[in-house]
Each structure stands twice: as structure tokens, then as C-alpha cells.
Amino acid sequence: MIGRLNHVAIAVPDLDAASKMYRDGLGASVTDPEDLPDHGVTVVFVELDNSKIELLYPFGANSPIQTFLDRNPAGGMHHVCYEVLDIFAARDRLVAQGARVLGDGEPKTGAHNKPVLFLHPKDFAGTLVELEQV
Ligand code: CO
């Protein structure tokens, strides 16, 4: 059912430092920061040949990333995102197997203007999973 790995998201306490580390240290192509108020995050994408790394930094009050950084002050892996062709079919199949979808269970528009869902980490080996319809 799942296709390619779309991205791995890493929450960071210092977006400039993390961008510099990927750009100058690791020699990757890094985008400018983009604020996504609806998601409570500022994102930078590290563009790799075969995937992307999404650097996440809190934006505004009540950012879910702030909660994560409070528990993980040095930052850390926040979620993985897999591509699916039909997000409703994927959701219905997973829910039928007992998996929990976060929020109200309906797809939202994600950072790439495509429908996304998040799945409960307790159902996926302790990892928050994002599904993105491509
Ligand atoms: Co993501």
C-alpha cells in the first residue's frame, strides 16, 4: 500500500543552526524557511536525491513541535512520511485493522499542499507516521 518515503521530519531547537549544518556541513541543498501557521511550524526542506528531510521549528503559540522540543531539548526525529495513491482507501484499511488516526480522522492539507494524515505512534513501532497522497 505505501509507496516511496516522501520525507523524514526532524524537530530542531535552532532552525538556522540546523540549516547551516545540512547546507555547509553535509553539503545538501536547503530551502529558505517557510512559515506554516495552520500547522504551527516553520519548515526548511533538505532536498536529497531520493527523498527529503523536513526540519521543523515551532511557529506561534501551542505548536505541537514546542511540546516535542520540551521533551527532547536537543531535537530529534519527529515523523516519517510515506506516499500513498489514495489516502481515503489507506485510512479505511488501517482503521479497519485498529490503527488510530490523529485529529478528527479526516485528511488535512499538508506542507506540500497535498492531503495528509497522521497515524498514532503507538500503532507503528513508536513512530509518528504521516501519509501523503501523491
Ligand atoms: Co511531514
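Refer to the structure presented above.
Residues numbered from 1 in each chain as written. Predicted model: local features only at pLDDT ≥ 70, side-chain atom pairs only at ≥ 80, totals over all residues. Heavy atoms only, no water.

A. Here's a closer look at the nonpolar core. One finds I10, Y22, V46, I53, L55 and L131 to be the most contacted residues of the largest nonpolar core, which totals 23 residues. For this core, the secondary-structure elements that each account for two or more residues are β1 (5-11), α1 (15-25), β4 (41-47), β5 (52-58), β6 (76-84), α3 (87-96), β8 (115-119) and β9 (129-133). Non-local contacts of L131, meaning those with residues more than four positions away in its chain, are made with I2, Y82, V84, I87, A90, L94, P115, V116, L117 and L119. Among the nonpolar cores identified, the runner-up in size contains 10 residues, and V41, V43, L56 and L69 belong to it. (Core = buried A, V, L, I, M, F, W, Y, C linked by side-chain atoms within 4.5 Å. Buried < 20%, exposed > 50% of the residue type's maximum accessible area, 1.4 Å probe, protein only. Helix = DSSP H or I, 4+ residues; strand = E, 2+ residues; numbered from the N terminus. Contact = heavy atoms within 4.5 Å.)

B. Representation of unusual backbone geometry. We note that N62 has phi near 60 degrees; this positive angle belongs to a residue other than glycine. With respect to the helices, strands and loops of the structure, N62 is situated in the loop between β5 and α2 (64-71). Relative accessible area serves as the criterion here: at 76%, N62 is assigned to the exposed category. Of note, A125 is a non-glycine position whose phi angle comes to about 55 degrees, a positive value.

C. Structural context of the coordination of the cobalt ion. Note on the cobalt ion: its protein donors are H7 (NE2), E54 (OE), H79 (NE2) and E130 (OE). The metal-donor distances range over 2.0 to 2.6 Å. Coordination at the cobalt ion is irregular, judged from the 4 donor atoms that bind it and the angles of 87 to 177 degrees they form at the metal. If you list the donors of the cobalt ion from N- to C-terminus, the spacing comes out as H-x46-E-x24-H-x50-E. Highlighted residues: H7 in strand β1 and E54 in strand β5, separated in sequence by 47 residues. Exposure remark for H7: the relative accessible area of 0% places this residue in the buried category. The buried category is assigned to E54, whose relative accessible area is 4%. (Donors = N, O, S within 2.8 Å, 3.2 Å for Na, K, Ca; no water. Tetrahedral: all angles 85-135°; square planar, octahedral: opposite > 155°, others 65-115°.)

It is worth stressing that arrangement in space is one thing and function is another; only the former is reported here.
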